[in-house]
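# Descriptive structure summary
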Amino acid sequence: MCNVQKIGICGATTTAMLAIILLAFIICSVSAVDDANQLILSSKDCTLTEPVYGHKFDFNNLRSDLAHVVESEYNDIFEFNVCSNLTHTCNNENNVAACLKKQGKEYVLGRQQELHYRNGKMYLNYTSGAKCENGTGNYQLIVRLICDYTMDVSPLRVTPYAEDACTFYAEYETPSACLPIPDAMQSNSCSVRYTNTGDSFDLLPLSENNYRTTNRQGSFFIINVCKPVLYGESAMCPPGSSICLYDPKTTDLKNRFINFGNVQSQPTIKDGQLLLRHESSTPCAGNSSANYTSIIYFYCDKSVRNSHPEFMGPDQDGCTYRFSFSTPLACKTVKPCSAVTSGHELLDLSPLSGHGPHKLTKDGKTYTVGVCASAGTPCLANGGACYDQNGQSTELGNFNSQLRFNQSDSPYLLYEGGGKCDSSDRLWSTKIEFVCANNATKDNGGAKSNGATTDAVQIIEDSNCQLLIQYQTPHACRQQIRCKGKVYVDSSDGSGSNSEELVDLTPLINANENYQAIVDPKSKAAQQLPKDTKFFLNVCRPLVPKYQLGCAGGSGACMAKMSSAGAPEEEHSLGFPLIQLMPINRTAAELIYLKGDPCPTDKSMNLSTKIHFSCNMRAGRGQPVLSSIDDCNYHFDWDTSVICPPHECTFSEDTCEIVQDEAGMRFNFKNASFATDGKIEIEYKKQKLLLNVCGAHRRAMTDYSQDLVNLFFTHDLPGCGKEGKMNVQMRLICSNKNENSTTITEDTQCSLLYVQRTPSICQFLGLSVPQDEGSGSTTSTPSPATTTSTSSTTTSTTSITPTAIMGIILSVTFFVACLGMFAFSPSRRQRVRRFFRRSNSAVRYSRVQSNEEANLLLEPNGEFTESDDDMLL
């Protein structure tokens, strides 16, 4: 029996017992619900019936008569077949499904294959491979089947891997992994003309990825532009939908995705505003007589490098939802047959227009194709391509000079409006993909004249009402590699599923200046270097040529000893940007530069560079720091806010401030140079309107990838639309300019996009004021504001009674017994792990450990582990 002095101890013991029992009960319940909601299937006949909508996925059409062949970044050759074995031997063995050719040897990666499905994710697992050389298991190949509605010339890619890896990962982008597009919504284009001479806005390049934007209420909108949402894990949107609401809290996976807008591939211009209007077949919850409608407004912003949509808000009845999308694709271009890449590099293909029409022959048809110009006879006057068969000509699209970029950032032309293709009244179109062809890229198949590479044009495919042509030319060669990649993050909703997000470091590409690395003179790495050694780097592109910096042209990193006059000398190339960015998780990525100058300590090797990028919201753009030197490899750490996901700040109604607690920063609108006591004057219907930024129900989101803060709220305005309400989105962009623009759209409800470029927001984002707008030269500055938290710890000594000990033992026994239920189930064990790893964030970013070469495999041997194999798939 407890006396008065021991009541606290007994109470604490009882509370602990109850807490442990309750915790065990919750875990049992959560895991039971999760197991019931898992959609996990497998098949040996290469077909699967989609468990939510009933669509049958059939991958037998991917079977090859010979093999699918893909070369890795390390020049190893992977050969595999889908739904069948290879028709040739591998290491003198027959009946092999996957084979690796590496350094003159052949390795069996799999003798069997099985198709797997998990919550929208599909992959082929090639098993029973040969014994791995490192002795830890057998070779294995995993091929992820990724939805892609387009016809890409190179749909296969091998994920980088370690030198001694046993498990390899590849990606196969194919329409076979997609839900079908309704016939009425089929289209190979997504453009609208804004002049009578053929100039048009083309939004099709935005279809390369799904986009996620929060509704600021715990759910997310999954959006694709011009195409349906790309089906995949945690992207199981209804067939034909381009916009759907994903509610991770809904326990039934079949009811997690709600169609908020069907696919729309015909943009319109209304009152000068470019938009896509998506009508849904889902009845509106607020008005059963109407369906949901979503409208995306596209705004010109030539400086944006990481474009994505933002949710502006709904109408009052909750049936119409509005989104903004700032992108260079909404800007009017002037120079024909040229375009600016995402890295602000001008790609000019106009010289190809003077080469004259190209004559190609295939399957008894003679094709005539022009580039940014009329194809001439036998095509019509405005025809860009046509084919002649038995004296009859068929138009394949009208020519234009608008250069575009596809999913892999490769340039292409799209000719539309050709002759009638089939009974569905679809029209022919022609897509010309331009591929870099030069001596450095081993010509890629182009012809040569006196050792120099010349153009090569060939037909790739003629189906689905579209002619696909590949044009290999030196004019298509660009300096930089792809600086973005997809990563699968673990949702902390207990579902056991992952969602796809894009890691994009394009904003760090600098076309005007190089980055100089910090070298701590007291570090171990500095002790290995001659005095006055400096390092110059750029991101995903070669160094910007600078006077006296004499590293080999095309180098991505350079080491130089500085003379007494401050000039670089004794330069050494530390590698070339040959391999695209490799995301580790949502907040980390690595970049490798290979094949630099011969290593001074080992002439058989070449110098190389590895840059590890990590999220730091206080770092701004950040700066590389030399962390270590490992034989011939130089390692740099780079803290940057660019890789950080959007962060929701708090808004103080009392002080009219945005507060970023994690970075310890505040921004006060009452003191802002562009506002007067928190109010902004705008023009509406030729009258002055005072917009009050201060008030309740404000939501603020940082977007470090675009150097801006978004602020969302509503403003009462009688006469604005039908409801007298205005949805407001403010984009506060770090800039060396003080300028603003206002765009108001009116429908059932007004929407206002207010863009304010200002130096005053830069410090809040950890940035210094850009020296040259749009050059990518924004640098970081140390944050002058710091947040200090002080915590007090109280230590007490108590005695524990035998009753308390017995209670604890019983509680722990019950807890362990509950956990024992999951001991033989990997999926249940994963549920328990997730329960303990949950945080307050909407998404938890699980880390996949890196290794020396690939930075993607958890264990040195490349084998799966229970906690991270799904993150790699």
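Residues numbered from 1 in each chain as written. Predicted model: local features only at pLDDT ≥ 70, side-chain atom pairs only at ≥ 80, totals over all residues. Heavy atoms only, no water.

Attention now goes to the environment of Ile469. Tracing the chain through its elements places Ile469 in strand S36 (residues 466-473). When the C-alpha atoms of Ile469 and Glu433 are compared, they prove to be 6.1 Å apart, with 36 residues separating the residues in sequence. Those residues in contact with Ile469 that lie beyond four places of it in its chain are Leu360, Val369, Thr430, Lys431, Ile432, Glu433, Val457, Gln458, Ile459 and Ile460. (Helix = DSSP H or I, 4+ residues; strand = E, 2+ residues; numbered from the N terminus. Contact = heavy atoms within 4.5 Å.)

On to the sheet that holds strand S19 (residues 268-270), then. With respect to topology, 5 strands assemble into an open sheet ordered S19-S20-S21-S23-S22, the strand pairing being mixed. A strand with exactly one partner marks an edge of an open sheet, and here the two such strands are S19 and strand S22 (309-314). With direction set aside, neighbouring strand axes in the sheet form an average angle of 35 degrees. By the bridge criterion, 8 bridges tie strand S20 (residues 273-284) to strand S21 (residues 287-300) in an arrangement that is antiparallel. Among the inter-strand pairings, Leu274 is bridged to a residue of S21, identified as Phe298. (Pairing = 2+ DSSP bridges. Axes fitted to C-alpha atoms, helices over the stretch in contact; angles between N-to-C directions.)

Turning our eyes to something else, we now look at the environment of Asp639. Inspection of the secondary structure assignment puts Asp639 in strand S49 (residues 633-640). Among the residues examined, Asp639 registers a relative accessible area of 37% and is labelled partly exposed. A C-alpha to C-alpha distance of 8.7 Å links Asp639 and Met617, two positions 22 residues apart in sequence. Apart from residues no more than four positions distant in its own chain, Asp639 is found in contact with Ser614, Asn616, Ala619, Arg621, Gly622 and Gln623. (Buried < 20%, exposed > 50% of the residue type's maximum accessible area, 1.4 Å probe, protein only.)

What follows deals with the packing of aromatic side chains. This structure, assessed with the given rule, holds 31 aromatic pairs. Between Phe221 and Phe323, the ring centres sit 5.0 Å apart and the planes meet at 85 degrees, which makes this aromatic pair edge-to-face. Here Phe221 is found in strand S16 (residues 220-223), whereas its partner Phe323 is found in strand S23 (residues 320-327), with 102 residues between them in sequence. Through a chain of ring-to-ring contacts, the aromatic side chains of Phe221, Phe260, Tyr292, Phe311, Tyr321 and Phe323 assemble into a single cluster. If you follow Lys365 out to its NZ or CZ, it ends over the ring of Tyr387, 4.5 Å from the centre. Here Lys431 stacks its cationic end above the ring of Tyr412, 4.8 Å away from the centre of that ring. (Phe/Tyr/Trp six-rings, centres within 6.5 Å; stacked < 30°, edge-to-face > 60°. Lys NZ or Arg CZ within 6 Å of the ring centre and 35° of its normal.)

Our focus in this paragraph is the pattern of salt bridges. It is possible for side chains bearing opposite charge to pair when their charged atoms get close. If you walk through the whole model with that rule in mind, you get 21 salt bridges. Residue Arg322 pairs with Asp315 through a salt bridge whose shortest N-O separation is 3.0 Å. Its relative accessible area of 0% is what places Arg322 among the buried residues. What you see here is one network of salt bridges that share partners, running through Arg212, Glu501 and Arg586. (Salt bridge = Lys/Arg side-chain N within 4 Å of Asp/Glu carboxyl O.)

Another point: unusual backbone geometry. The omega torsion of the bond from Thr377 to Pro378 falls at 10 degrees, within 30 degrees of zero and hence cis. Following the sequence through the fold, Pro378 ends up in the loop between strand S27 (365-369) and strand S28 (385-389). The phi dihedral of Asn95 falls on the positive side, at around 55 degrees, and the residue is not glycine. By secondary structure assignment, the location of Asn95 is in the loop between strand S5 (77-80) and strand S6 (98-102). Overall, the relative accessible area of 57% leaves Asn95 in the exposed class.

With that out of the way, let us pick up the sheet that holds strand S52 (residues 665-668). The mixed open sheet is built from 8 strands, whose spatial order is S52-S51-S50-S55-S56-S57-S59-S58. Here the strands that pair on one side only, and so sit at the sheet edges, are S52 and strand S58 (739-745). When strand polarity is set aside, the average angle formed by the axes of neighbouring strands in this sheet is 25 degrees. Pairing between strand S57 (residues 725-734) and strand S59 (residues 750-758): 9 bridges, direction parallel. Pairing of Gln729 across the sheet is with Leu753, part of S59.

Considering all chains together, one arrives at 18 disulfides under this definition. Paired by a disulfide, Cys147 and Cys178 hold their sulfur atoms 2.1 Å apart. Given an S-S torsion of about 110 degrees, the disulfide between Cys147 and Cys178 has right-handed geometry. With a gap of 31 residues between them, Cys147 in strand S10 (residues 140-147) and Cys178 in the loop between strand S12 (167-174) and strand S13 (191-193) connect regions that are remote in the sequence. The disulfide bridge from Cys656 ends at Cys694, spanning 2.0 Å between sulfur atoms. (Disulfide = S-S within 2.5 Å.)

Side chains of nonpolar character tend, in soluble globular proteins, to be buried together. The biggest cluster of nonpolar side chains holds 53 residues, and the ones touching the most others in it are Phe59, Phe80, Val82, Tyr126, Leu145 and Phe168. Residue contributions to this core peak at 4 residues, all from S10. For Leu145, the contacting residues outside a window of four places in its chain are Phe59, Leu62, Leu115, Met122, Tyr123, Leu124, Tyr172 and Ala177. Grouped together as the second largest cluster of nonpolar side chains are 40 residues, Phe669, Ala700, Leu752 and Tyr754 included. (Core = buried A, V, L, I, M, F, W, Y, C linked by side-chain atoms within 4.5 Å.)

Glancing now at the pairing of strand S40 (residues 533-537). Judged by how many residues are buried, S40 sits mostly within the fold: 4 of 5 residues are covered. Sheet topology note: the strand S39 (residues 515-516)/S40 ladder contains 2 bridges and is antiparallel. Looking across to S40, one finds that Gln516 is bridged to Phe536. With 5 bridges joining them, S40 and strand S41 (residues 557-562) adopt antiparallel strand pairing. Bridge pairing in S41 places Phe536 opposite Cys558.

Remember, this is a structural readout, not a statement about activity or role.
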